[in-house]
Amino acid sequence: MLLTNAHIVTLQTDDSFGAITDGVIALEGSKIAWVGAAAQLPETYRSKQTHDLAGRLVTPALIDCHTHVVFGGNRAAEFEQRLNGASYEDVAKAGGGIVSTVTATRAASEEVLLADALRRVDAMIAEGVTLIEVKSGYGLDHESELKMLRVARQIARSRPIDVRTSFLGAHAVPAEYAGKPDAYIDDVCIPTLRAAHAAGLVDAVDGFCEGIAFDTAQIARVFAVAKELGLPVKLHAEQLSNIGGTRLAAKHAALSADHVEYATDADASALAKAGTVAVILPGAFYTLRESQAPPIQSFRDHGVPMALATDCNPGSSPLTSPLLTMNMACTLFRMTPLEALLGMTAHAARALGDTNRGRIVAGARADLNIWDVSHPAELSYRIGFNPLHSRIFKGSL
Ligand code: DI6
Ligand code: FE
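Predicted, not measured: the structure shown is a model, and the values here were computed from it. Throughout, a residue's number is its position along its own chain's written sequence, starting from 1. All chains are assigned letters beginning with A, and all ligands numbers beginning with 1, in the order in which they are written. Two thresholds apply to this predicted model, a pLDDT of at least 70 for residue-level local features and 80 or more for giving and counting side-chain atom pairs, whereas whole-chain, interface and lining totals are computed over all residues. Excluded from the side-chain calculation are hydrogens and water; included are all heavy atoms of the structure.

1. Here's the deal with the side chain of S380
Line of reasoning, step 1. Take S380: it is sitting in helix 15 (residues 378-381).
Line of reasoning, step 2. Here, residues are in contact when the closest pair of their heavy atoms is within 4.5 Å. Those residues in contact with S380, other than ones at most four positions away along the chain, are M326, N327, C330, P337 and A340. Comment: elements are numbered from the N terminus, with helices defined as DSSP H or I runs of at least four residues and strands as E runs of at least two.

Pasting the structure below:
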């Protein structure tokens, strides 16, 4: 099929939108066969079925490379408690925080977890998302972690969207292991990772490296098993402090280091050398009303690819809008509209180890968005507006 009369934002390189006006995209199956100006369309494609896009803007489809969309219950009550003056400690003592989501997730059936997750995934699909990463991390026991990952896999069988899973057993220490993080890592997290991998449920391994979660030595033990199993790694690093998570991610050639608000210029240099993507998560920064922005200029100076994601989770980032995420990245962190769009497409794909998506180039996956806007900057400029006209998934409208 030929998509004709298109204003194509190819993102073929990182230094410009790579725009082609009056462009044509030739689709063959689930792949892009050819892209270019109509005047240069090869003879071989001229007889194809055409679909006139009436001059609309076409970009690569969006990719949300960091989500916790599978979880039980929600945390609206503690949102209200905090706004009525309760501290994080008060909320935690009342059984709130991650612990309350773990309790609700353990209690929920796979069917309920899937139905709840699909409502959030549908909001992402409506904004043109075709690939999401989904983490475990609210089960924190053997069966509940496996249950979460089975639900994540079921999402891709229930909707026109692809899913990559990340095992996040090292997300928090569950109540039954309070004060015993090492025992939890050795007796629950690592054996469950092995079982999840054996069941084909894991595409990557993640961890939360933070003072309130796990230290670099504990994360390193989980990463050693990931390496043994041939699984790539990624890491929640330097979200609230700097305890060496970003360095650890770089040392393990991680796909990505995520949050990285407290990363230093030296950390940025280490990421660049390792080829690790910095995943910027403005939803958590906004929700927690943080003050320390990530070192965007250092990432630019060192050539660290920056991805963007919703970090959709019930506590620190109850956000399901990639477009609002792009707007936050520009307004809060001063990223440019080009960086924001690259962050939700090509760099997000790279953060998932997928280099065949996120750009409109011959041979790439034919996942495309058609927008009712005239300039790509409108995609990060608008606040809470969705101009998606239609989404092409695996070459089909
Ligand atoms: N960082 C976060 O901000 C979330 N998890 C993480 O690793 C918090 C998750 C929650 O509050 O439920
Ligand atoms: Fe997260």
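2. Some thoughts on the coordination of the iron ion (ligand 2)
Line of reasoning, step 1. Of the protein atoms, only H66 (NE2), H68 (NE2), H236 (NE2) and D311 (OD) coordinate the iron ion (ligand 2), at distances of 2.1 to 2.3 Å.
Line of reasoning, step 2. For Na, K and Ca the donor cutoff is 3.2 Å, while for all other metals N, O and S atoms must lie within 2.8 Å; water is not among the atoms, so some sites may look incomplete. Summarised as a motif, the one-chain spacing of the donors to the iron ion (ligand 2) is H-x1-H-x167-H-x74-D. Of the two residues, H236 is situated in strand 10 (residues 234-237) and D311 in the loop between strand 13 (306-308) and helix 12 (322-333); the sequence distance between them amounts to 75 residues.
Line of reasoning, step 3. Residue H236 is classed as buried on the basis of its relative accessible area of 3%. Think of it in three bands: residues with accessible area under 20% of the maximum for their type are buried, residues over 50% are exposed, and the middle band is partly exposed, with areas taken using a 1.4 Å probe on protein chains only.

3. As for the pattern of salt bridges
Line of reasoning, step 1. When a carboxyl oxygen of Asp or Glu is within 4 Å of a side-chain nitrogen of Lys or Arg, the pair counts as a salt bridge. One pass over the full model with this rule turns up 26 salt bridges.
Line of reasoning, step 2. A salt bridge links R194 to E228; the shortest N-O distance between them is 2.7 Å. Placement of the pair is R194 in helix 6 (residues 181-198) and E228 in helix 7 (residues 216-228), with a sequence separation of 34 residues.
Line of reasoning, step 3. Look at R194 and you get partly exposed, because its relative accessible area is 35%.
Line of reasoning, step 4. The residue R247 makes a salt bridge to D267 at a minimum N-O spacing of 2.9 Å. Placement of R247 in helix 8 (residues 245-251) and of D267 in helix 9 (residues 265-274) is noted, with a sequence separation of 20 residues between them.
Line of reasoning, step 5. A relative accessible area of 3% means that D267 is categorised as buried.
Line of reasoning, step 6. Taken together, the salt bridges that share partners define one network made up of D162, R164, D354, R357, R365 and D367.

4. Quick look at the layout of surface pockets
Line of reasoning, step 1. In this structure, the largest pocket spans a volume of roughly 850 Å³.
Line of reasoning, step 2. At the level of secondary structure, the elements contributing two or more residues to the lining of the largest pocket comprise helix 1 (76-83), helix 2 (88-93) and helix 3 (98-107).
Line of reasoning, step 3. Looking at the lining of the largest pocket, the element that brings in the most residues is helix 2, giving 4 residues.
Line of reasoning, step 4. Lys, Arg, Asp and Glu make up the charged group, whereas Ala, Val, Leu, Ile, Met, Phe, Trp, Tyr, Cys and Pro make up the nonpolar group; the residues left over, Gly among them, are polar. Tallied by class, residues from the lining of the largest pocket come to 13 nonpolar, 11 polar and 6 charged.
Line of reasoning, step 5. Roughly 530 Å³ of volume is contained in the second largest pocket.
Line of reasoning, step 6. A pocket here means an open set of points on a 1 Å grid, computed over the protein atoms alone, that has protein on both sides within 12 Å along at least five of seven lines. A cavity is instead a set of points where a 1.4 Å probe fits but cannot get out; residues with an atom within 4 Å of a point line either one. Lining the second largest pocket are 23 residues; nearest its centre among them are F79, R82, T287, G315 and P318.
Line of reasoning, step 7. If you list the elements that add at least two residues to the lining of the second largest pocket, you get helix 1, helix 10 (282-287) and helix 12.
Line of reasoning, step 8. Among the elements that take part in the lining of the second largest pocket, helix 1 stands out by supplying 5 residues, more than any other.
Line of reasoning, step 9. Considered class by class, the residues forming the lining of the second largest pocket number 13 nonpolar, 5 polar and 5 charged. Grid points are joined across faces, edges and corners, and a volume is the space filled by probe spheres set on the points.

In short, shape yes, function no, at least from these values alone.
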